Amino acid sequence: MPTYTPPVRDTRFVLEHVVGLAQHLNQPGFAAATPEVVDAVLVEGGRFVAEVLFPLNQSGDREGCTRHPDGSVTTPAGFKAAYRQFVESGWATLGNHPDYGGQGMPHVVATAFQEYMISANMAFAMYPGLTHGAIAALTATGSAEQKALYLPRLVSGEWGGTMNLTEPQCGTDLGLIRTRAEPQADGSWAITGTKIFISSGEHDLTDNIIHLVLAKTPGAPDSSKGISLFVVPKVLVNADGSRGARNAVSCGSIEHKMGIHANSTCVMNYDGATGWLVGEEMKGLGAMFVMMNAARLGVGLQGLGVAETAYQNAVAYARERRQGRALTGAKEPAEKADPLFVHADIRRMLMEAKALTEGLRALCLWGALQVDLEQLSVDDGERQLAADLIGLLTPVIKAFGTDMGYRVATDMQQVFGGHGYIAEWGMEQYVRDARIAMIYEGTNGVQAMDLVGRKLAQHGGRPIQAFLALVAAEIGAAKADAATAELAGRLERALDDLQGATLWLMANAVTDPDQAGAAAVPYLRLTGLVALGLMWLRMAGAAARLAAAGEDDAAFLEAKLVTARFYGERLLPETGSLRRQIEGGAAALMALAPEQFLAA
């Protein structure tokens, strides 16, 4: 049976020494995040997910969700009671605005708790996760009446939320949607169409679900420019906030899928359902992007969350499982075999997992701080820089985070050998659950194209230049410190690869768009490696300073320094290969005709 312990010590280290949370306590929106309160959130939140949510992870996966003949859906045994505890304990309100009943905690602190939830039970975490996305979209674009009607109950967790984009004939290309919205005399709209792959689309955890639905109005252009966004409650809401009649929206079926079985991924049918326009007509895609960007950062966090749990269990297994002898001679001669930890290849996988998960934790939390600063900073320059950085890095956090999360999950399954393939050990579930994160909320290939095709040129290249300058400045400072000079030199070479690849794209992709398409995925991975390198440079510097000051957690700090060295020696060199892939161009990649791909 798998186990999970929330990595509170590491989260504290990142918040204090990489994110620098305490430096922002004097800014609006950060006052609640005192060290004492943040520590209580981490400890008590970790205890809640470990004791309440994690025990339901395997059983929920085995049982899955059940759709009944009337279209209703029940979640696995224990989920409804766990959700009630989640709401009653106040975890639903943690990062939401006090105007609507939230606790007003910064997004970066809520993100730390969300990581723990995902690690404990990814499928469960998706239910409130989708609600947070709906809250973000309504907060940004809803009318005053819509905010007053829906947000308090969404924030409290009394109601759930979803996003409805995908249809059978279209996924990423939303201009192909066929769902229609017809205006009604009372100012509402009648929504008709079918949506698929709708996470948390129908369930029994809340007594209402507020769907945000993309549809086209009469006369709208047959493209993405003609899309509007509508709020469509499962149960209609009266003016006083009470529930009214059942709306004409139903779950047609539950998707049979590879993983996240305990989350109800639904086909949703809208049969003239009553909805209300959110924001302006034919401006729905921009409104939905608010929700999508929040979701993409959340999906990147899923890569980290699943990787962390898989890693913890692989470490425990490698310490206990005995197999063979060390190449340098028996380490425990009194036993019939040595533990797996003596084998270099086992250590390779575990060290890569440690370097990637701890690096991703730092990147996700630092990214969450940029979301806070973009919204809350009173300094125009700081707010713009934060917006530039998180805009540039959102596709990187989503795609690189989930690529590496899946890599870690499969490697940790490999540590278990044959037992990793057997359900009772839990590792095969982590592999299955991790795989979807590379697909939904825009596949990782789409994220790479977003980075290369949109984000690099945005604002005249200001975001990428800001990121490159930030990394270069921190390298310059770190090279002056003996404790970080070697890692800084390795990161400098990786940064040179990123700068060279960026210049190559600028010179070649404008005249030949296929060059951008061919380079997109390796370019995103290159950017991800440099971003994690920046996080490890910060962590190494902090660990060295604390060790020199006599910090009593010597083993933790030594592990940080060794892992930083490992990242620099073993993972950062991949940037050179990625740059050469990019500069190899698109000619061979695009040369074959489709019929040449099969030799038969």
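Look up: the structure comes first, before these words.
Remember, predicted model here, so these are calculated numbers, not experimental data.

Enquirer: Mind showing me how you'd approach the environment of lysine 331 here?
Expert: Looking at where lysine 331 falls in the secondary structure, it is placed in the loop between helix 8 (284-320) and helix 9 (344-376). Taking C-alpha positions, lysine 331 is 29 Å from glutamate 358, a pair spaced 27 residues apart along the chain. Sequence-distant contacts of lysine 331, that is, excluding residues within four places in its chain, are made with Ala326, Asp338 and Val342.

Enquirer: Just to check I follow, could you spell out unusual backbone geometry for this structure?
Expert: Of note in the backbone geometry, phenylalanine 197 takes a positive phi value of approximately 60° without being a glycine. Within the element layout of this structure, phenylalanine 197 appears in strand 5 (residues 189-199). One non-glycine residue with positive phi stands out, namely serine 200, at about 60°. Mapped onto the fold, serine 200 is located in the loop between strand 5 and strand 6 (209-216). Classification of serine 200 as buried rests on a relative accessible area of 1%.

Enquirer: Would you take a moment to explain the packing of aromatic side chains for this structure?
Expert: For any two aromatic rings, the description comes down to two numbers: the centre-to-centre distance and the angle of the planes. Evaluated as defined, the whole model comprises 13 aromatic pairs. Ring geometry for phenylalanine 13 and phenylalanine 556: centres 5.4 Å apart, planes at 70°, overall edge-to-face. Separated by 543 residues along the polypeptide, phenylalanine 13 in helix 1 (residues 8-19) and phenylalanine 556 in helix 16 (residues 554-571) bring together distant segments of the chain. Assigned by exposure class, phenylalanine 13 and phenylalanine 556 land together as buried. The positively charged end of arginine 9 is found above the aromatic ring belonging to phenylalanine 556, 4.1 Å away from the centroid. Note that arginine 153 overlies the ring of tryptophan 159, its terminal NZ or CZ placed 5.4 Å from the centroid.

Enquirer: Quick question: what am I supposed to make of helix 7 (residues 144-156) here?
Expert: Since the α-helix packs 3.6 residues into each turn, any two residues three or four apart lie on the same face. If you check helix 7, its first and last C-alpha atoms are 18 Å apart, about what 13 residues at 1.5 Å a residue would give, namely 18 Å. For helix 7, the principal kink sits at tyrosine 150 and spans about 40°; a proline, proline 152, occurs within the next four residues. Where helix 7 is concerned, the buried positions are Gln146, Lys147, Leu149, Tyr150, Leu151, Leu154 and Val155. In this structure, the buried residues of helix 7 make contact with helix 6 (122-141), strand 3 (160-164), strand 6, strand 7 (227-233), strand 8 (235-237) and strand 11 (265-278). Glycine 157 sits one or two positions beyond helix 7 and adopts a positive phi of about 90°.

Cut-offs used in this document
Residues numbered from 1 in each chain as written. Predicted model: local features only at pLDDT ≥ 70, side-chain atom pairs only at ≥ 80, totals over all residues. Heavy atoms only, no water. Helix = DSSP H or I, 4+ residues; strand = E, 2+ residues; numbered from the N terminus. Contact = heavy atoms within 4.5 Å. Buried < 20%, exposed > 50% of the residue type's maximum accessible area, 1.4 Å probe, protein only. Phe/Tyr/Trp six-rings, centres within 6.5 Å; stacked < 30°, edge-to-face > 60°. Lys NZ or Arg CZ within 6 Å of the ring centre and 35° of its normal. Expected span 1.5 Å × (residues − 1). Bend = angle between axes of the 7 residues up to and from the residue.

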